[in-house]
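# Summary of structural features
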Amino acid sequence: MQNILLKETNKESIHMSGNKPQTIIGPNLPNIPWEDKPTGCDEVLWRYSRNPVIPRDLIPCSNSIFNSAVVPFEGKFAGVFRVDDKCRHMRLHKGTSEDGVNWRIDNDPIEFICDDPEIAPFICGYDPRVCWIEDRYYVTWCNAYHGYPTIGVAYTHDFKEFHQLENAFLPFNRNGVMFPRKINDKFAMLSRPSDNGHTPFGDIFYSESPNMCHWGKHRFAMGTVNNHSWQTTKIGAGPIPIETTEGWLLIYHGVLTSCNGFVYSAGAALLDIDKPWKVIARTEPYILNPREMYECVGDVPNVAFPCAALADAATGRIAMYYGAADTVVAMAFTQVDELITFIKANTITHG
Ligand code: BMA
């Protein structure tokens, strides 16, 4: 399990960083997947040369495996994976990995332990995120409650038993993404109120909770950008925000509606540490958009949908996981100082 005492180590590594600023406030994770930026690449985020890392047919039942969440676990890695099965039911499966690249995913879906029959029936679940807070891993996902999408919540200590809690919000909502520590003594979550279909709108809101059951103090955080950009139609939080000395680093998805349908790209923002609904800076250009074959061709073409990131405070390395074309899982890398510099240099000044 992660050790929050490591935060102390990282304060040291910030001071000891010499001429390269190291700005992640979090654990040192020297074993996260990594590949140096290819020579000649001028992107702030670069794709893994072995993409996609998880094929659609990794397990017998899978039609596709994508939009999935990965965390450090007991010195290795664990995750919750979106598996659409061959009946096209949307399910959540757990998995483990020694290296964060090669995964063993359970053949059977997670069976959540829930003693409340009002919320226990599992209709479908998708787009999970996993977040370590204090003493356990919290899982959030898009859950169907009476058939309507909302934010499902569960926790696990061991990636064996998953205990389901109350849904965080009323329908309709998607992309519930928790912060990795309490903020102002409250649990904190970003979400994207939506509709019962493919949602042709959507902004990101911030909510807090004293107990992981009752959520309130909802604040508008970030909206779409109405000048025909990659983030014009809707946006949604991606991986768990990464704490840095410059603010919360949030990677998020944005959607453009083309004459051929939605196009999902990714951008990044810096949010205020104590009031994360205040945006410090936010990229006008995308940092990743669908252009490789595995991002453009699949069950839903033209989708790059980030759901997880591993960050090593000592080196500033970030390894991001994203679903590609609603079919496979791919990875991309960046350096925290490079990404923060890019966000500040390319921030939106309008919209
Ligand atoms: C969204 C979600 C995502 C999916 C995306 C593109 O509404 O369903 O899971 O990746 O659409 O199809």
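Another aspect to go through is the site of the ligand. Within the structure, the ligand sits among Asn67, Arg82, Tyr126, Asp127, Tyr264, Val300, Val303, Phe305 and Asp326. Relative to its unbound accessible surface of 310 Å², the ligand loses 85% to contact with the protein. Grouping the constituent residues of the shell around the ligand by class yields 5 nonpolar, 1 polar and 3 charged.

With that out of the way, let us pick up the pattern of salt bridges. Tallied over the entire structure, the rule returns 12 salt bridges. A salt bridge links Arg82 to Asp127, with the nearest nitrogen and oxygen atoms 3.0 Å apart. In this pair, Arg82 is assigned in strand S3 (residues 76-85) and Asp127 in strand S6 (residues 125-133), connecting sequence segments 45 residues apart. Per residue, the accessibility class of Arg82 equals that of Asp127, and both read buried. The salt bridge involving Asp135 is made with Arg136; its shortest N-O contact spans 2.9 Å. Asp135 gets classed as partly exposed once you look at its relative accessible area, which sits at 36%.

Once that is clear, we can look at the environment of Lys94. By secondary structure assignment, the location of Lys94 is in strand S4 (residues 90-97). Between the C-alpha atom of Lys94 and that of Ala319, which follows or precedes it by 225 residues, the distance is 19 Å. At 2.6 Å, the side chain of Lys94 and the side chain of Asp106 are in polar contact.

Below, the discussion takes up unusual backbone geometry. At the junction of Asn51 and Pro52, the peptide bond is cis and its omega measures out at -10° in the coordinates. Along the chain, Pro52 falls in the loop between strand S1 (46-47) and strand S2 (62-73). With an omega of 5°, the peptide bond running from Pro171 to Phe172 counts as cis. Note that Phe172 resides in the loop between strand S9 (163-164) and strand S10 (173-178). We note that Glu74 has phi near 50°; this positive angle belongs to a residue other than glycine. Within the secondary structure layout, Glu74 lies in the loop between S2 and S3. Residue Glu74 is classed as exposed on the basis of its relative accessible area, which comes to 54%.

Below, the discussion takes up a positive patch on the surface. A cluster of basic residues, Lys217, Arg219, Lys275 and Lys278, forms a positive patch on the protein surface. Its relative accessible area of 45% is what places Lys278 among the partly exposed residues.

Before going further, it helps to examine the confidence of the model for the chain. Chain-level pLDDT for the chain is 94 on average; 93% of the residues reach the 70-or-more range. With pLDDT under 50 throughout, residues 1-19 is counted as low confidence; its partners more than four residues away or in other chains account for 28 contacts.

Let us look at helix H3 (residues 336-345). Of the positions making up H3, those classed as buried are Val336, Asp337, Leu339, Ile340 and Ile343. Relative to the axis of H3, the buried residues are bounded by an arc of 165° and lie together on one face. Set apart from the buried face of H3 by more than 90 degrees, the exposed residues are Thr341 and Ala345. Elements in contact with the buried residues of H3: strand S15 (242-244), strand S16 (247-258), strand S17 (261-271), strand S18 (279-282), strand S20 (317-324) and strand S21 (328-335).

Along the chain, Lys234 turns up in strand S14 (residues 234-237). Buried charge Lys234 goes without a salt bridge, the closest partner of opposite sign being Asp195 at 6.9 Å. Only 3.1 Å separates the side chain of Lys234 from the backbone oxygen of Thr199, close enough to count as a polar contact. Contact partners of Lys234, with chain neighbours within four places excluded, come to Arg192, His198, Thr199, Phe201, Gly202, Thr224, His253, Gly254, Val255, Phe262 and Tyr264.

So, how was this worked out
Residues numbered from 1 in each chain as written. Predicted model: local features only at pLDDT ≥ 70, side-chain atom pairs only at ≥ 80, totals over all residues. Heavy atoms only, no water. Near = heavy atom within 4 Å. Areas by Shrake-Rupley, 256 points an atom, 1.4 Å probe, with all protein chains shown as cover. Nonpolar A, V, L, I, M, F, W, Y, C, P; charged D, E, K, R; others polar. Salt bridge = Lys/Arg side-chain N within 4 Å of Asp/Glu carboxyl O. Helix = DSSP H or I, 4+ residues; strand = E, 2+ residues; numbered from the N terminus. Buried < 20%, exposed > 50% of the residue type's maximum accessible area, 1.4 Å probe, protein only. Polar contact = N/O pair within 3.5 Å; in protein donor to acceptor, adjacent residues only side chain to side chain. Patch = residues over 30% accessible without salt bridge, like charges linked within 9 Å, V, L, I, M, F, W, Y side chains within 5 Å. Lys, Arg positive; Asp, Glu negative; His and termini not counted. Charge placed at Lys NZ, Arg CZ, Asp CG, Glu CD. pLDDT = per-residue confidence, 0-100. Contact = heavy atoms within 4.5 Å. Arc of directions from axis to C-beta.

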